[in-house]
Amino acid sequence: MKLDLVAIAPPDFDVDVTLAYATDANLTGRPVYRNAECWLHREAAEKLATAVALARALGLRLRIFDALRPTEAQWALWNARPDPEFLADPRRGSPHSRGVAVDLTLLDAEGKELDMGTAFDAFTPLSHHARTDVPVEAQRNRLLLMGLMTSAGWDFYRNEWWHYQLFDARRYPLVSDADLPRPMM
């Protein structure tokens, strides 16, 4: 399959790009990405555009924490915390490393993140979908995000309220930093 990547950034995409792995506020404790580039495979970008439009109709925006994650970055995360409940083993490949996954949340009209019950990348069972032991407002917000994303054609990962990916992700090739139009690492 051809590598067909789209840059995810305003004005083409009305999203807030806040890549967690371009900062030290992530599970490694240091920036993983040197350049905060946000990429998705064209098919994922089209579904993201649909989700953006659905959210806009409700007065909401999407904040993206991660999208395409080069294979080298997947290894950096795995080496810092090899937890298969929350990270794909890089030997198998992650949907992120194929450019067909996105980690995100919802923002209200003032740009404030909606309460999801845990922070992004909180590697705890409380991050799983369908938890009834997080505040009711957070349960509603998770279901709202899931409704927007699944209506736009995305699949979800049951262990992470923030993670969505295309169905049949393994049919897309893995992407290394050298494959990108502008390197991230």
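Every value quoted in this text rests on a predicted model; they were computed, and no experiment measured them.

Definitions and limits used
- Within each chain, residue numbers correspond to sequence positions counted from 1 in written order.
- Per-residue local features of the predicted model are confined to residues with pLDDT of at least 70, and side-chain atom pairs are confined, for both listing and counting, to 80 or more; whole-chain, interface and lining totals are unaffected and use all residues.
- Each side-chain value is derived from all of the structure's non-hydrogen atoms; neither hydrogens nor water enter the calculation.
- Here a strand is any run of E in DSSP of at least two residues, a helix any run of H or I of at least four, and the numbering for each starts at the N terminus.
- Think of it in three bands: with a 1.4 Å probe and only protein chains considered, a residue is buried below 20% of the maximum accessible area for its type, exposed above 50%, and partly exposed in between.
- In this description, contact between two residues means that some pair of their heavy atoms is separated by no more than 4.5 Å.
- Axes here mean lines fitted to C-alpha atoms, for a helix over just the part in contact, with angles spanning 0 to 180 degrees between N-to-C directions.
- Any angle from 65 to 115 degrees is called roughly perpendicular, while one under 35 is roughly parallel, one over 145 is roughly antiparallel, and all others are oblique.
- Crossings are sorted by hand: turned counterclockwise from the far helix by less than a right angle, the near helix makes the crossing left-handed, and turned clockwise it makes it right-handed.
- Any residue that is not Ala, Val, Leu, Ile, Met, Phe, Trp, Tyr, Cys, Pro, Asp, Glu, Lys or Arg is counted as polar, Gly included; the first ten are nonpolar and the last four charged.
- Residues belong to one nonpolar core when they are buried, are Ala, Val, Leu, Ile, Met, Phe, Trp, Tyr or Cys, and are joined through side-chain atoms within 4.5 Å.

**Q** Would you take a moment to explain the environment of P95 for this structure?
**A** Residue position: P95 is located in the loop between α2 (71–80) and β5 (101–107). Of the residues examined, P95 reaches a relative accessible area of 15% and is grouped as buried. Separated by 31 residues in the primary sequence, P95 and I64 place their C-alpha atoms 15 Å from one another. Setting aside chain neighbours within four positions, we find P95 in contact with V100, A101, Q165 and A169.

**Q** Would you take a moment to explain the packing of helix α1 (residues 42–57) against helix α3 (residues 136–151) for this structure?
**A** A pair of packed helices can be characterised by two numbers: the angle between their axes and the separation between those axes. Relative to each other, α1 and α3 sit at 135°, their axes nearing to 8 Å. With respect to their mutual orientation, α1 and α3 come out oblique. Seen from above, α1 lies across α3 with right-handed handedness. Facing A51, L54 and A55 of α1, the residues of α3 in contact are L148, M149 and S151. Broken down by class, the residue content of the contact of α1 with α3 amounts to five nonpolar, one polar and no charged.

**Q** How do you make sense of unusual backbone geometry when you look at a structure like this?
**A** Note on backbone geometry: most residues besides glycine have negative phi, and most peptide bonds are trans. A cis geometry characterises the amide bond from P10 onward to P11, with omega recorded as 5°. Summarising the element assignment, P11 is placed in the loop between β1 (5–7) and β2 (15–17). Of note in the backbone geometry, D121 takes a positive phi value of approximately 60° without being a glycine. Of note, D121 is situated in the loop between β5 and α3. Given a relative accessible area of 16%, D121 falls into the buried group.

**Q** Teacher, can you tell me more about the nonpolar core here?
**A** For soluble globular proteins, nonpolar side chains are generally found buried alongside one another. Core analysis: the largest hydrophobic core is formed by 54 residues, its most contacted members being I8, L48, L62, I64, L145 and W154. Of all the secondary-structure elements, those providing two or more residues to this core are β1, β3 (39–41), α1, β4 (61–66), α2, β5 and α3. The leading source of residues in this core is α1, at six residues. Sequence-distant contacts of L62, that is, excluding residues within four places in its chain, are made with V15, D16, L48, A51, V52, A55, L104, T105, L106, L107 and L145.

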